[in-house]
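What the coordinates show
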Amino acid sequence: MTNRQKNGLGCFLIAALLAGVAIKNSFVTPSIPVGDESGLGVSRLVGAFLPSILVFALGLWLFQKPKS
């Protein structure tokens, strides 16, 4: 396993932690409900999960085998 793949695994772990925090903040203590008429709830939900999705995508890119 190369250092790049190890970094990819680290990104997967960080993405899982970020997703856990987003779930806690979005559903356990919602300051603005998701079904708010103004749409702020959906924007807040997307914004909460966006960092974990981006870090997961970076992990996938790092984890793939190098093209020879």
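Residues numbered from 1 in each chain as written. Predicted model: local features only at pLDDT ≥ 70, side-chain atom pairs only at ≥ 80, totals over all residues. Heavy atoms only, no water.

**Some thoughts on the overall build of the chain**
Quick reminder of the rule: Strands are runs of DSSP state E lasting at least 2 residues, helices are runs of H or I lasting at least 4, and numbering of each runs from the N terminus. Computation of the radius of gyration draws on C-alpha atoms alone. For the globule rule, the value is 2.2 Å times the number of residues to the power 0.38. Here's how the labels work: a residue is buried when its accessible area is under 20% of the maximum for its type, exposed when over 50%, partly exposed in between, all with a 1.4 Å probe on protein chains only. The criterion used for residue contact is that any of the two residues' heavy atoms lie within 4.5 Å.
The helix and strand inventory of the chain stands at two helices and zero strands. Here the chain has a C-alpha radius of gyration of 16 Å; the compact-globule value for 68 residues is 11 Å, and the former is much larger. Its C-alpha atoms give the chain principal-axis dimensions of about 50 × 20 × 10 Å. A burial count over the chain gives 15% of its 68 residues as buried. Within the chain, contacts between residues separated by at least 24 positions form 65% of all contacts whose residues are at least 6 apart in sequence.

**Brief notes about the packing of aromatic side chains**
Formally: Whether two aromatic rings pair depends on their centres lying within 6.5 Å, for rings of Phe, Tyr and Trp, where Trp uses its six-membered ring; planes under 30 degrees apart make the pair stacked, over 60 edge-to-face, and the rest tilted. Counting as a charge over the ring demands two things of the Lys NZ or Arg CZ atom: a distance within 6 Å of the ring centre and an angle within 35 degrees of the ring normal.
In this structure the tally under the stated criterion is two aromatic pairs. Between Phe-12 and Phe-56 the ring centres are 5.3 Å apart and the planes differ by 40°, which places this aromatic pair in the tilted class. Taken as a pair, Phe-12 in helix α1 (residues 3-28) and Phe-56 in helix α2 (residues 40-63) lie far apart in primary sequence, 44 residues in all. The class for Phe-56 is partly exposed, based on a relative accessible area of 40%. An aromatic cluster is defined as three or more aromatic residues linked by ring pairs; in this entry it consists of Phe-12, Phe-56 and Phe-63. If you follow Arg-4 out to its NZ or CZ, it ends over the ring of Trp-61, 4.4 Å from the centre.

**What about the side chain of Ser-52?**
Inspection of the secondary structure assignment puts Ser-52 in helix α2. Setting aside anything within four residues of it in sequence, one finds Ser-52 in contact with Ala-15, Leu-18 and Ala-19.

**As for α1**
Going by this rule: Given the number of residues in a helix, its expected span is that number minus one, multiplied by 1.5 Å.
Along its 26 residues, α1 runs 37 Å from first to last C-alpha, staying within 8% of the 38 Å computed at 1.5 Å per residue. Within α1 the residues assigned to the buried category are Gln-5, Gly-8, Cys-11, Ala-15, Ala-22 and Ser-26. In this structure, the buried side of α1 is in contact with α2.

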